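As a plain string of letters, each chain reads:
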Amino acid sequence: MKKVLIKDAHIVNEGTIFHGDILIDDGIIIEIGESISAKSSDVNVFDAEGKHLIPGVIDDQVHFREPGLTHKATIHTESKAAVAGGITSFMEMPNTNPQTTTIEKLEEKFAVAAATSHANYSFMFGGTNDNLEEILKVDSKNVAGLKLFLGSSTGNMLVDNEDVLEKIFSSTDLLISVHCEDEATIQNNLAIYKERYGDDIPIHLHPIIRSEEACYISSSNAIALAKKTGARLHVFHISTGKETTLFDNSIPLEEKKITAEVCIHHLWFSNEDYENKGTLIKWNPAVKTTQDRDALFEALLDDRLDVIATDHAPHTSEEKDQVYTKAPSGGPLVQHALPAMLEFYHQGRITLEKIVEKMCHNPAILFQVEGRGFIKEGYKADLVLIDLNAPWTVQKENILYKCGWSPFEGTTFKSRVTHTFVNGRLAYKNFKVYDEKFGERLTFDR
């Protein structure tokens, strides 16, 4: 493999922006300096003048639908979209078909990713009411963590037995990630509106059915259990301002036992968008009010919310274009998450340094990912070049998701990912994803 030299970049890393060069050998960053020369002919030089270089984004929550739901997406198709969006590593969820609730099914997923993924990968192991024995077999150094659905799950993955929950929290040293919505509250709300409207419930009632109360009850219960048992808890996709009061910003991330994530769609959309977007922005938890959106952004900036993720969860257009009770929740986001956050930068709402902290550094710290998430000598060369002044519009022709649509379709972004390097190799350049698959299995320093 030739060495790679990235010249004249504005490097965004660890709270600073500085002008410099990066030299990569065998997939590893070996030198960072103000002016590095290509001393031999076996060096590929990339001119990054005028561009910003950031670490590859680590997305801690995606649904790539393989196995069993591959008419929506595959690890191959969605990892291509991910690298096009500057996401070089992902952690995929267990609610596939079959579900990833045994070691055998987990290893089958790893085998598929090893053969087909353009990005680095790991998988969450799924908890159920009756698989504690399997949970205890999981090697925490080689698996991202444990995923528990405390509401809104498929199959038997809803963990609603309180005794089982406490036993899981008390027994595992895995990082426990949770989806928090109180199922009883949701079902009570749904019954009210089904009686009134049947299946064709107006979409603007989605955040009333999957309400602030449902989210807060479940999140607060999970946090109370984590404090009681000493478990390491990470709460996925916080969607309400009220929930942000449950989290702490008084200690460094490395010392937190309870952490939280916010997703792109909860920062970008609000209940005012249901009229135009309809079920395309039907997610669980629901997109809520403008006040919730503003409160989430505030908590992101003041470090009560630790990471930004996508919860990428594609469905076909035909599936989404159904009445409320039949239209599935979720949408594709990995290709457009970073450009969306850069739009907030252009609006003066967040700095580049903070975006990198929340999308690159903090997922690496939080999950203890080995050798990634930072631009450091000795680290893997997962790197992204960005042109902050290269407007482009999301259109059918440039959407890479297998489902073929995006909630951002028609949106013009001011910034563009121009190059993505995965383990030191050029995986993407200017709307082209290369055929080679450079993704590696993530490992964890636990």
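Residues numbered from 1 in each chain as written. Predicted model: local features only at pLDDT ≥ 70, side-chain atom pairs only at ≥ 80, totals over all residues. Heavy atoms only, no water.

A. Representation of the overall build of the protein. For the protein, the helix and strand inventory stands at 14 helices and 19 strands. Here the protein has a C-alpha radius of gyration of 21 Å; the compact-globule value for 446 residues is 22 Å, and the two agree. Taken over the C-alpha atoms alone, the protein extends approximately 70 × 45 × 45 Å along its principal axes. For the protein, buried positions account for 60% of its 446 residues. Only carbon and sulfur atoms are counted for the fraction: they give 45% of the accessible area of the protein, which is about 16700 Å². Across the protein, the mean location of the 46 positive side-chain charges is 2 Å away from that of the 66 negative side-chain charges. (Helix = DSSP H or I, 4+ residues; strand = E, 2+ residues; numbered from the N terminus. Rg over C-alpha atoms; globule rule 2.2 N^0.38 Å. Buried < 20%, exposed > 50% of the residue type's maximum accessible area, 1.4 Å probe, protein only. Areas by Shrake-Rupley, 256 points an atom, 1.4 Å probe, with all protein chains shown as cover. Lys, Arg positive; Asp, Glu negative; His and termini not counted. Charge placed at Lys NZ, Arg CZ, Asp CG, Glu CD.)

B. Looking closely at the layout of surface pockets. The calculated volume of the second largest pocket comes to roughly 420 Å³. Along the wall of the second largest pocket there are 19 residues; nearest its centre are Leu150, Val159, Glu162, Leu165 and Asn221. When residues of the lining of the second largest pocket are traced back to their parent elements, those giving at least two are helix 4 (162-171), helix 5 (183-197) and helix 7 (212-229). Broken down by element, the residue count for the lining of the second largest pocket peaks at six residues, all from helix 7. In terms of residue class, the lining of the second largest pocket is built from nine nonpolar, two polar and eight charged. (1 Å grid on protein atoms, 1.4 Å probe; cavity = no way out; pocket = protein on both sides within 12 Å on 5 of 7 lines; lining within 4 Å. Points joined across faces, edges and corners; volume = space filled by probe spheres on them. Nonpolar A, V, L, I, M, F, W, Y, C, P; charged D, E, K, R; others polar.)

C. Fine view of helix 2 (residues 103-116). A rise of 1.5 Å per residue sets the reference length of helix 2, with its 14 residues, at 20 Å; its end C-alpha atoms lie 20 Å apart and thus fit the reference within 8%. When we look at burial in helix 2, the residues that qualify are Leu106, Lys109, Phe110 and Ala113. The buried residues of helix 2 occupy one face: seen down the axis, they fall within an arc of 100°. Summarising the geometry of helix 2, the exposed residues directed more than 90 degrees from the buried face are Glu104 and Ala115. Where helix 2 is buried, its residues meet helix 1 (75-84), strand 7 (87-92) and strand 8 (120-126). (Expected span 1.5 Å × (residues − 1). Arc of directions from axis to C-beta. Contact = heavy atoms within 4.5 Å.)

D. Representation of the packing of helix 13 (residues 337-346) against helix 14 (residues 352-367) within the structure. Look at helix 13 against helix 14: their axes get within 9 Å of each other, and the N-to-C directions meet at 150°. As helix 13 runs across helix 14, the sense of the crossing is right-handed. Listed contacts from helix 14 to Ala337, Leu338, Met341, Leu342 and Tyr345 of helix 13 are Leu352, Ile355 and Met359. Tallied by class, the residues present in the contact of helix 13 with helix 14 amount to eight nonpolar, no polar and no charged. (Axes fitted to C-alpha atoms, helices over the stretch in contact; angles between N-to-C directions. Left-handed = near helix turned anticlockwise from the far one by under 90°.)

E. Structural detail: unusual backbone geometry. Here the bond from glutamate 66 into proline 67 is cis, since omega is 10°, no more than 30 degrees from zero. Relative to the elements of secondary structure, proline 67 occurs in the loop between strand 6 (57-62) and helix 1. The step from asparagine 97 to proline 98 runs through a cis peptide bond, and the omega angle for that step is 5°. For proline 98, the position within the fold is in the loop between strand 7 and helix 2. The backbone of asparagine 423 shows a phi angle near 50°, a positive value even though the residue is not glycine. Tracing the chain through its elements places asparagine 423 in the loop between strand 17 (416-422) and strand 18 (425-429). A residue is classified by how much of its surface remains accessible, and asparagine 423, at 4% relative accessible area, is buried. Even without a glycine there, the phi angle at asparagine 430 is positive, about 45°. Within the element layout of this structure, asparagine 430 appears in the loop between strand 18 and strand 19 (432-433).

F. Structural detail: the side chain of threonine 172. Considering the arrangement of structural elements, one finds threonine 172 in the loop between helix 4 and strand 10 (176-179). Residue classification places threonine 172 among the buried positions, given a relative accessible area of 12%. Within the structure, threonine 172 has its side chain in polar contact with the backbone nitrogen of leucine 174 (distance 2.9 Å). Dropping the residues within four chain positions of it, threonine 172 is found in contact with Ile135 and Leu146. (Polar contact = N/O pair within 3.5 Å; in protein donor to acceptor, adjacent residues only side chain to side chain.)

G. Inspection of the packing of aromatic side chains at higher detail. Evaluation of the coordinates by the stated rule reveals 15 aromatic pairs. Every member of this aromatic cluster is reached through a ring pair, and the members are Trp268, Phe269, Trp283, Phe297, Phe344, Trp392, Phe408, Phe413 and Phe431. Its guanidinium or amino end placed over the ring of phenylalanine 149, lysine 147 lies 4.0 Å from that ring's centre, counting from NZ or CZ. One Lys or Arg, arginine 349, reaches over the ring of phenylalanine 297 and ends 4.0 Å from the middle of that ring. (Phe/Tyr/Trp six-rings, centres within 6.5 Å; stacked < 30°, edge-to-face > 60°. Lys NZ or Arg CZ within 6 Å of the ring centre and 35° of its normal.)

Structural measurements only, silent on function.
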